[in-house]
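Chain residues, written in single-letter form:
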Amino acid sequence: MIDPTVRSQFNYPTDLIYLNTGTLGLCPKSAIDAIKAAIDEGEANPGTHLQHDERWAQVKAQAARVVNATPGEIAFTRNTTEGANIVCNGLPFSPGDEIITTNHEHIGNILPWLARAKRDQLAIKVFDLAPSPEEILARIANLLTPNTRALSIPHVSCADGRVLPVQAIGAWARERDLWYFVDGAQAPGMVPVDIRAIDCHAYATSTHKWLLGPKGTGLLYVREDALDLISPTCVGAFSCADAVDPRAANFAFVPSAQRYEYGTLSGALIAGLGAAFTFLDDIGFDSIHSHDLTLANQFRDGLQKLDADILTPRPTHSAITTFRLPNIPYADLQSYLMNEHRIRVRGIYEAGLNAIRISPHLYNTAEEIDLALKAIEAAKKL
Ligand SMILES: Cc1ncc(COP(=O)(O)O)c(C=O)c1O
């Protein structure tokens with residue numbers, strides 16, 4: 001387990017039990033300090049902290065290491081939703097094309113596809129997640145038609161935390177020459193991610209969740225050979241290597257995923273993101289994963305004793321657990337935990353689950369999980 005004194009490296013109130021990293025992670029003080037220092041330095045020295053200076057390159061290299069990509073395959077974004085929009089609007093679909101996705105999508109990775117489908121007469125085909133990887137692949141295969149072009153699949157379900165067989169799906173998609181996008185909002189920083197092994201064309205994440213980066217930061221990975229497939233829809237100064245002659249109208253995108261970054265971004269947030277990566281690296285991604293998993297298993301064992309309805313399949317390598325109590329609507333339980341016990345969780349309405357999700361991370365402790373279980377036990381008697 002991670003040393004509980006790690007908590008002192010965060011600013012949040014000591015009486016709050018924060019179990020909602022799946023929505024937003026908490027920035028360590030070192031990242032907050034890095035943001036402030038970058039703002040101070042940048043404002044005191046106009047013209048410094050420019051986009052794509054040495055620091056940007058360093059942070060991009062850190063990001064690439066986290067997911068086993070090359071820096072040239074990474075674009076900084078504001079969040080997963082932006083990444084999903086870039087991918088689904090950039091793929092060369094034609095009317096009648098079909099995209100396969102799941103019934104567990106977050107709105108941030110279903111609305112972009114639905115909107116594109118509506119605009120360009122595409123069809124979104126949805127399958128219900130199944131407990132086993134084999135059954136998931138079978139359900140995907142059931143939806144395959146000659147018009148299938150793409151798959152959009154979450155790495156970890158935001159609804160019940162299950163980890164999907166993204167690597168097996170990648171191999172299946174490659175054999176059929178399908179475009180493959182993975183929504184990794186809930187994965188890097190929580191489970192080990194090897195994008196190369198997943199073999200997707202693109203992968204998006206929000207670094208403000210499990211990677212503890214500043215709010216409003218994310219990453220989009222686009223595999224090198226997919227850079228010209230996924231056409232940038234928002235373009236600007238940073239998409240292009242050279243000055244553009246509007247009369248000649250010929251230009252070349254930079255030969256990297258930077259082409260998706262278009263206009264000016266906040267250098268301070270990138271500095272903060274770099275500090276968050278360093279913070280995580282110092283603790284160790286493997287230690288964090290096993291800490292989170294230990295807490296999740298402790299919570300699931302406790303829930304089982306309480307006869308709660310646990311919706312997260314076991315075994316799973318994810319830190320997220322989703323459950324219901326039969327006696328109390330999920331929204332009431334969420335308010336009760338916050339108002340009576342200072343425990344922050346999230347209600348889950350995705351896939352009609354109407355349940356509660358807890359997502360513990362490195363700043364949570366076994367004692368906090370015990371307190372959460374006691375609070376849930378008390379809620380059973382309401
Ligand atoms: C699986 C999944 N996709 C997309 C999103 C959207 O994330 P963001 O609002 O950071 O774009 C979330 C947020 O919780 C999510 O869990």
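Residues numbered from 1 in each chain as written. Predicted model: local features only at pLDDT ≥ 70, side-chain atom pairs only at ≥ 80, totals over all residues.

**Comments concerning the overall build of the protein chain**
Looking only at helices and strands, the protein chain features 11 helices and 13 strands. In terms of overall dimensions, the protein chain is globule-like: its C-alpha atoms have a radius of gyration of 21 Å, near the 21 Å expected for 382 residues. The principal-axis extents of the C-alpha atoms in the protein chain amount to approximately 75 × 60 × 30 Å. Relative to its 382 residues, the protein chain shows a buried fraction of 46%. Here the contacts in the protein chain between residues at least 6 apart in sequence split such that 72% fall between residues at least 24 apart. (Helix = DSSP H or I, 4+ residues; strand = E, 2+ residues; numbered from the N terminus. Rg over C-alpha atoms; globule rule 2.2 N^0.38 Å. Buried ≥ 20, exposed ≤ 12 C-beta atoms within 10 Å, placed from the backbone. Contact = placed C-beta atoms within 7 Å.)

**Comments concerning the sheet that holds strand β9 (residues 309-310)**
Pairing is antiparallel in the open sheet, where 4 strands are placed in the order β9-β10-β13-β12. Two strands in the sheet have a free side with no partner beyond their single neighbour: β9 and β12 (346-348). In the packing of helix α9 (residues 285-305) onto the sheet, contacts are made with β9, β10 (321-324) and β13 (355-358), and the angle to β10 comes to roughly 15°. (Pairing = 2+ DSSP bridges. Axes fitted to C-alpha atoms, helices over the stretch in contact; angles between N-to-C directions.)

**Looking at the domain arrangement of the protein chain**
Domain assignment breaks the protein chain into domain 1 (4-27 + 284-380) and domain 2 (29-281). Put simply, the middle of domain 1 and the middle of domain 2, counted by C-alpha atoms, are 27 Å apart. The interface is formed by 28 residues belonging to domain 1 together with 29 residues belonging to domain 2. For the side of domain 1 that touches domain 2, the elements supplying multiple residues, two or more each, are α9 and β10. It is α9 that provides the largest number of residues to the side of domain 1 that touches domain 2, a total of 4 residues. A class-by-class count of the residues in the side of domain 1 that touches domain 2 yields 13 nonpolar, 13 polar and 2 charged. (Domains from an automatic or database assignment. Nonpolar A, V, L, I, M, F, W, Y, C, P; charged D, E, K, R; others polar.)

**Considerations on the sheet that holds strand β7 (residues 202-206)**
In spatial order, the strands read β2-β8-β7-β6-β5-β3-β4; together these 7 strands make up an open sheet with mixed pairing. Edge positions in the sheet fall to β2 (74-77) and β4 (123-127), since each of these pairs with one other strand and no more. Across the sheet, the mean angle separating the axes of adjacent strands is 20° when strand polarity is ignored. Relative to strand β6 (residues 179-183), strand β5 (residues 148-154) runs parallel, the two sharing 5 bridges. The residue of β6 that forms the bridge with L151 is Y180. Contacts between helix α5 (residues 133-143) and the sheet are confined to β3 (98-102) and β4, with β4 contributing the most and set at about 150° to the helix. Set on the sheet, helix α6 (residues 166-175) makes contact with β5 and β6; between it and β5 the angle comes to about 175°.

**Comments concerning the packing of helix α2 (residues 54-67) against helix α8 (residues 267-283)**
As a packed pair, α2 and α8 sit with axes 9 Å apart at the nearest point and diverge in direction by 40°. Comparing the axis directions of α2 and α8 gives the class oblique. Helix-helix and strand crossings are classified by hand; for α2 and α8 the assignment is left-handed. Residue-level inspection shows R55, W56, Q58, V59, Q62, A63 and V66 of α2 in contact with α8, the latter providing I270, A271, L273, G274 and F277. (Parallel < 35°, antiparallel > 145°, perpendicular 65-115°, else oblique. Left-handed = near helix turned anticlockwise from the far one by under 90°.)

**So, the site of the ligand**
Of all residues adjacent to the ligand, which total 13 residues, the nearest are N79, T81, G108, C158 and A185. Here the shell around the ligand is composed, by residue class, of 3 nonpolar, 9 polar and 1 charged. (Near = placed C-beta within 6 Å.)

**Brief notes about unusual backbone geometry**
Along the chain, R314 connects to P315 via a cis peptide bond; the corresponding omega equals -5°. Tracing the chain through its elements places P315 in the loop between β9 and β10. Positive phi values are uncommon outside glycine, yet L212 reaches one of about 60°. Structurally, L212 can be placed in the loop between β7 and β8 (218-222).

**With respect to the pairing of β5**
Among the 7 residues that make up β5, 6 are buried, leaving the element largely enclosed by the rest of the structure. Note that β3 and β5 share 3 bridges and pair parallel. Residue pairing for β5: E98 is matched across the bridge by T148. Once you follow β5 into α6 and on to β6, the crossover reads as right-handed. (Right-handed = clockwise from strand over helix to strand, strands pointing away.)

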